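# Per-entry structural report
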Amino acid sequence: MKVSLSAHWTHLLVPVLTLLAAGCSTTRTDVTNNNETATVYGGESVVIMSRSYHTGNQTEKDFTDCISKSLDRRGSALNIMPANQFVDTMYPWFEPRTAPHNISILPRMMSNPLIAERMRETGVRYVVWLEGNTEQPNGGGSVSCAAGPAGAGCFGFAWWESISDYDAVVWDLEDGKEAGNIATEVSGTSYMPAIVIPIPMIARTQATACKDLSLQIGNFIGGRTDAG
């Protein structure tokens, strides 16, 4: 009887699993261009920084690293300077607690000859500030597993939603202006049906957000990126 029940459920789940596996996340991207940007050349660089000041939650380091690595791939025209190298060179002015929170503060900072000289040494033309996170606002269902004389197995169905919401604010250090803003939101639902063996089907919203935002940043600044 148990074998018959498992076979029955397996037969019913085959089309369901096919549909779930074919599912995809939804992406929404908004780009605001305040000032014309120019392609970086020669020794000019771009640095990707994470915001952490008023919320107390630093943008996930793995997401920031993902953006930097995607833009720094061989197919990109952008020269990406590691954030830690930039922070060390500009110490203490770009530490999380002392970094300028608004572009209007930048001209006053750059009027300091020491800061201006340090900035020239970095070769950074654009600072891209990242802010956001990935959350799981909803979910339900359950999967239970047990072991017995005949073996072990799991049964049930669980699901959860994921939303990856990130903003990238581009500062043009040469002009001392905010060049623009890129906002990306990716939402998706993950599923885990289980008949004997759990089968997770994960909506990789953060990875999708990284791919989309990297592409948009590369296009926005004027470089070309094959992030993906």
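For the rest of this paragraph, the subject is the packing of helix α2 (residues 61-71) against helix α6 (residues 205-221). Across the interface, α2 lies against α6 with an axial gap of 9 Å and an inter-helix angle of 45 degrees. The angle between α2 and α6 falls in the class oblique. Between α2 and α6 the crossing geometry is right-handed. In this structure, α2 uses Asp62, Phe63, Cys66, Ile67, Ser70 and Leu71 to contact α6, whose residues at the interface are Gln206, Ala209, Cys210, Leu213, Ser214, Ile217 and Gly218. For the contact of α2 with α6, the residue count by class is eight nonpolar, four polar and one charged.

The subject of this paragraph is the state of the cysteines. Evaluated as defined, the whole model comprises two disulfides. Residue pairing for cysteine 145: its cysteine sulfur links by disulfide to cysteine 154, the two sulfurs lying 1.9 Å apart. Torsion about the S-S bond of the cysteine 145 and cysteine 154 cystine: about 105 degrees, corresponding to right-handed handedness. By relative accessible area, which is 13% here, cysteine 154 ends up buried. Cysteine pairing for the protein chain (bonded cysteines numbered in sequence order): 1-4, 2-3.

Thresholds, definitions, all that
Residues numbered from 1 in each chain as written. Predicted model: local features only at pLDDT ≥ 70, side-chain atom pairs only at ≥ 80, totals over all residues. Heavy atoms only, no water. Axes fitted to C-alpha atoms, helices over the stretch in contact; angles between N-to-C directions. Helix = DSSP H or I, 4+ residues; strand = E, 2+ residues; numbered from the N terminus. Parallel < 35°, antiparallel > 145°, perpendicular 65-115°, else oblique. Left-handed = near helix turned anticlockwise from the far one by under 90°. Contact = heavy atoms within 4.5 Å. Nonpolar A, V, L, I, M, F, W, Y, C, P; charged D, E, K, R; others polar. Disulfide = S-S within 2.5 Å. Buried < 20%, exposed > 50% of the residue type's maximum accessible area, 1.4 Å probe, protein only.

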